[in-house]
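Here are the chains, one letter per residue:
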Amino acid sequence: MLRRMRKSTVYFIAGGLIIFVVIQLLLSLGILNNYWRGIIFWGAAISMVALGLNLIYGFNGQFSLGQYGFYAIGAYASADITYRWVHSDPSGIVVVLFGSLLTLGLYVAVTAFLRRFYGVTVMARFTFYILATILAFAIAVAGLVPLLGPAVNSILQVLPAAISRQIVFFVALLGGACLAGIASFLFGIPVLELGSDYFGIATLGFTIIVKVLLDNTDTILPFPEMKGARGMIGIPQWTTWPWVFASLLLVILVMRNVLHSSVGRAIVSVREDERAAELVGIDAATTKVLAFVLGSVFAGLAGGIRAHDLAFLHPQSFNFIQSFNPLIIVVFGGLSSMTGTIITGFFWIFLLEGLLRLYLPEGFETWRLVVYPLVLLVMMLLRPEGLFGRYEIPFLRRVLPPLPTKTVEIQEEAV
Amino acid sequence: MAQTFSRPAKNGAMMQRHNGMLLNRFSQGFFILLGLFVVYVLGRAFLQNPKVFVEQVLNGLQLGFIYALIALGYTMIYGIVKLINFAHGDVFMVGAFTSFYAVATLQLHRWPTWLFPGVSEGLMILIGTVTVILTAMLFSATLAVVIERFAYKPLRSKPRIAALITAIGVSFFVEYFGALPFAFTNNYITYPRPFEVNVYSGEMISPLLVVGAWVLFVISLLLSGWFTWTSRHGNVQAQTWKRHPLLQFGLLFFGFMAVVLTLTGVKIETGGKVWDLSVSNVMLIIMGASILLQTLLQYVVSHTRIGKAMRAAAYDKAVARLMGINVDGVITATFALGGGLAGAAGVLYATAFKQVHHLMGIIPGLKAFVAAVVGGIGSIPGAFVGSLIMGQTEVLAAGFISTPMRDAVAFSLLIVVLLVWPQGIFGEPPAEKV
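Residues numbered from 1 in each chain as written. Chains lettered and ligands numbered in written order. Predicted model: local features only at pLDDT ≥ 70, side-chain atom pairs only at ≥ 80, totals over all residues. Heavy atoms only, no water.

1. Description of the overall build of chain A
Inclusion rule: A run of H or I in DSSP becomes a helix once it reaches four residues, and a run of E becomes a strand once it reaches two; helices and strands are each numbered from the N terminus. With the radius of gyration taken over C-alpha atoms, the globule rule is written as 2.2 Å times the number of residues to the power 0.38. Burial classes: relative accessible area under 20% of the type maximum marks a residue as buried, over 50% as exposed, and values in between as partly exposed (1.4 Å probe, protein chains only). The contact criterion used throughout is that any non-hydrogen atoms of two residues lie within 4.5 Å. A 1.4 Å probe and the Shrake-Rupley method give the accessible areas. Residues count as covered only by the protein chains that appear here. Neither His nor the chain termini are counted; the positive set is Lys and Arg, and the negative set is Asp and Glu. One atom stands in for each charge, and that atom is NZ of Lys, CZ of Arg, CG of Asp or CD of Glu.
Helices and strands together make up the secondary structure of chain A, namely 14 helices and one strand. A compact globule built from 415 residues should have a C-alpha radius of gyration of about 22 Å, and chain A, at 22 Å, falls within 12% of that. Dimensions of chain A, computed from the C-alpha atoms along their principal axes, are close to 65 × 60 × 55 Å. In chain A, buried positions account for 56% of the 415 residues. Taking the intrachain contacts of chain A between residues at least 6 apart in sequence as the baseline, contacts between residues at least 24 apart amount to 81%. Surface accessibility of chain A: about 17,300 Å² in total, with carbon and sulfur atoms responsible for 71%. Taking the average location of the 26 positive side-chain charges in chain A and that of its 21 negative ones, the two points are 11 Å from each other.

2. Some thoughts on empty space enclosed by the protein
Residue and element names in this part refer to chain B. Test applied: Cavity: a set of points on a 1 Å grid over the protein atoms alone where a 1.4 Å probe fits but cannot get out. Pocket: an open set with protein on both sides within 12 Å along at least five of seven lines, its lining residues, like those of a cavity, having an atom within 4 Å of a point. Grid points are joined across faces, edges and corners, and a volume is the space filled by probe spheres set on the points. The nonpolar class holds Ala, Val, Leu, Ile, Met, Phe, Trp, Tyr, Cys and Pro. Asp, Glu, Lys and Arg form the charged class, and all remaining residues, Gly among them, are polar.
Enumeration according to the criterion identifies four cavities of 30 Å³ or more in this entry. Here the largest cavity is characterised by a volume of approximately 140 Å³. Put simply, the parts of the chain that give the lining of the largest cavity at least two residues each are helix 3 (88-104), helix 6 (160-178) and helix 14 (362-375). The element contributing the most residues to the lining of the largest cavity is helix 6, with four residues. Split into classes, the residues belonging to the lining of the largest cavity amount to 10 nonpolar, four polar and two charged.

3. So, helix 1 (residues 21-48) of chain B
Basically, it comes down to this: Working rule for helices: expected span equals 1.5 Å times residues minus one.
Look at helix 1 of chain B: 40 Å from first C-alpha to last across 28 residues, which is about the 40 Å you get at 1.5 Å a residue. Residues of helix 1 of chain B that are buried: B:L23, B:N24, B:S27, B:V41, B:L42 and B:A45.

4. Focus: the environment of B:N24
Test applied: Here a polar contact means two N or O atoms within 3.5 Å. Within protein one must be a hydrogen donor candidate and the other an acceptor candidate, and residues neighboring in sequence count only if both atoms are side-chain atoms.
Structurally, the position occupied by B:N24 is in helix 1. When residues no more than four places from it in sequence are discounted, the contact partners of B:N24 are A:G119, A:V120, A:T121 and A:A124. A polar atom in the side chain of B:N24 sits 3.0 Å from the backbone nitrogen of A:T121.

5. Let's talk about the domain arrangement of chain A
Residue and element names in this part refer to chain A. So the rule is basically this: The domain limits used here are those given by an automatic or database domain assignment. Here the quantity called buried area is the accessible surface, traced with a 1.4 Å probe, that two parts lose on coming together, added over both. Only one rule defines a salt bridge in this text: a Lys or Arg side-chain nitrogen within 4 Å of an Asp or Glu carboxyl oxygen.
Each assigned domain of chain A is listed with its residue range as follows: domain 1 (1-32) and domain 2 (44-317). Counting residues at the interface gives eight residues for domain 1, matched by seven residues for domain 2. For the pair domain 1 and domain 2, the summed buried surface comes to about 560 Å²; carbon and sulfur atoms form 81% of the total. Applying the counting criterion to the domain 1 and domain 2 interface returns zero salt bridges. Counting across the domain 1 and domain 2 interface gives one residue pair in polar contact (both at pLDDT 80 or more). Its residues placed into classes, the side of domain 1 that touches domain 2 shows five nonpolar, two polar and one charged.

Structural data, given as structure tokens:
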């Protein structure tokens, strides 16, 4: 079997295994303390968020600043599921999991329905999808919780505690990712029509809106356990290295395979020239929504990982100043370079939150935020295509057809 | 806007596709219902307590005038360089801090008394305040030019994302350099106003003032109408007169002044409810300064050589260069003008809200950009109208819909307006280039 695989695949598997085992050993032997464990997990989460942004911006050319909004949605949703489960309330699992499934089913139905018509405007499509979402979650909250809640509870109680815990965690991660995906789908349908810079500002607005909502989860939204601007506490600390590694690997593999498929070529072609892509028969609107939703799902998954590692969520950590982080990571690493994004993501957290926080002398903490914009400026002057440019490790590199070697220039024209 | 999923049906069979007009009407009805609900909420608030409602509208007007000054800079810079200048909000912040130091540390607003000890209090405050605003404008303009020279200019030939990231970087740098202990510190600082705040209630406003404002407004309106009429009938001179800055200023300033003074100067008692609004001099100063600066900018852009060069550069940079226009100089001038306006806005904002902070520029900056987009980016009247809409939306949403959601409503406005008018209200449709 090994002989039939490509060399790059073998190297990738071997490298992944080595990294997994080494870090697991370091963690088990206690060489890396909790602080450094947190840094590694945080780096993985940020890398996932940045990979999602790279798909949206680097590969599809849609300048988005909303990645932290979806990250926050994923984090809060999955944290709420496990929080409720720990307090013996299975409603979070039922609502998010079955509500999302129901929503997806309704989306398929709505899409099939809308396909029977021509000349349907974006707003009309948006209206039908949002009505479907509201209907699905209303059914889930009002109908499914009393119906399925006890059943889910009893099934999970029968299983051994350790196993049911992992199942709940899996459902929580899945639920967070699903909710982020649904939110990005609903937001993306109208807003992706706007065009590059306006889309950027609208997504920035989305991040601000999410932050405002999180500040008022206990007053405007009906979630008293999230405690609004005081921050959500009592989240179980269930994230372990295998979960982090598996999620990151999943994100990398999904992204690689999507990009290497015909869908991926469509995504890249929309970045290169939207009109030309439409002329050769690519549905640019659908492609953009697809890339946007997929990127946001990655962010939602990362949110779940981060929430269950930190065990504390505060709206301030999702404010829009933070939401520039993934963008900066993607640009540093190199637009449309997955390798660069992952490595920069880890190093970003490692430097900014790890080394500089520990080893800068007292009182110089605020200097971090003065120095890194300067580094950014110098970087933009000297190497605007990013540290890694378009370099990929062989496993992630596309075999066919080869990429053109010209530099990335996205949307040079005025809006 | 019409996007369809035009995928052929499976099995090769042709699917019967119907006209989607009905679905579009359904969704329009849905959104009109939502809009009517908002109108209902606002109308109910107005009927319940018209006085509070009008007070909120005046607050929104004040905020809108401040946003207008920031939005003008955004719209000019975006119009020429096609760059969202994220650092513009921080230029605004630096303007506010400059005036803070000028007032609190240097006592610059009292300089006429150093030279002429016998000068009257009112004149001193007037001159002093103008000096403070001019100082802040000068500082902010310098900062904007420095940013442009050192951060944006070297990147002009690089891809657009590089400039955008640089803008974000500059913005962070200014904000967090300001947070350092020897700069502005990261505390909220109370802002000492250069002049006393007086609140004028109905009795204090003489009817003569109200009538005067109305008379001047009507005169400018009549003049404008007359010029329009004669220019239609072949008088070429009237067209230039119609766009004369003094006339524009008269129309805007006396129009707003007349409405505001009438609202506050009139005292009505109906059914036990007393209508007596008051207006502060801060509000009037903000209104006057904002309209004055906006008219000046309009004059510069439409009547001077540099303004002509700006319009040419905004239209097509490469061709403007071929026509012998120094495009780099024009861009620098644009940044200086925009920075100056942002600095003035910073002083007015700090005077109105009595607080300065090193992150105070972010949210007003973003909202002003949204306002510029709503009005139509690249258009000066558009920025003005968009900012007024923005201020009203924000204040009315905060007052009568949901206070914490004011930012959310403001950004939803962007999405709604762009979906209805993709170029903004005053924007010109972009040239289609394939």
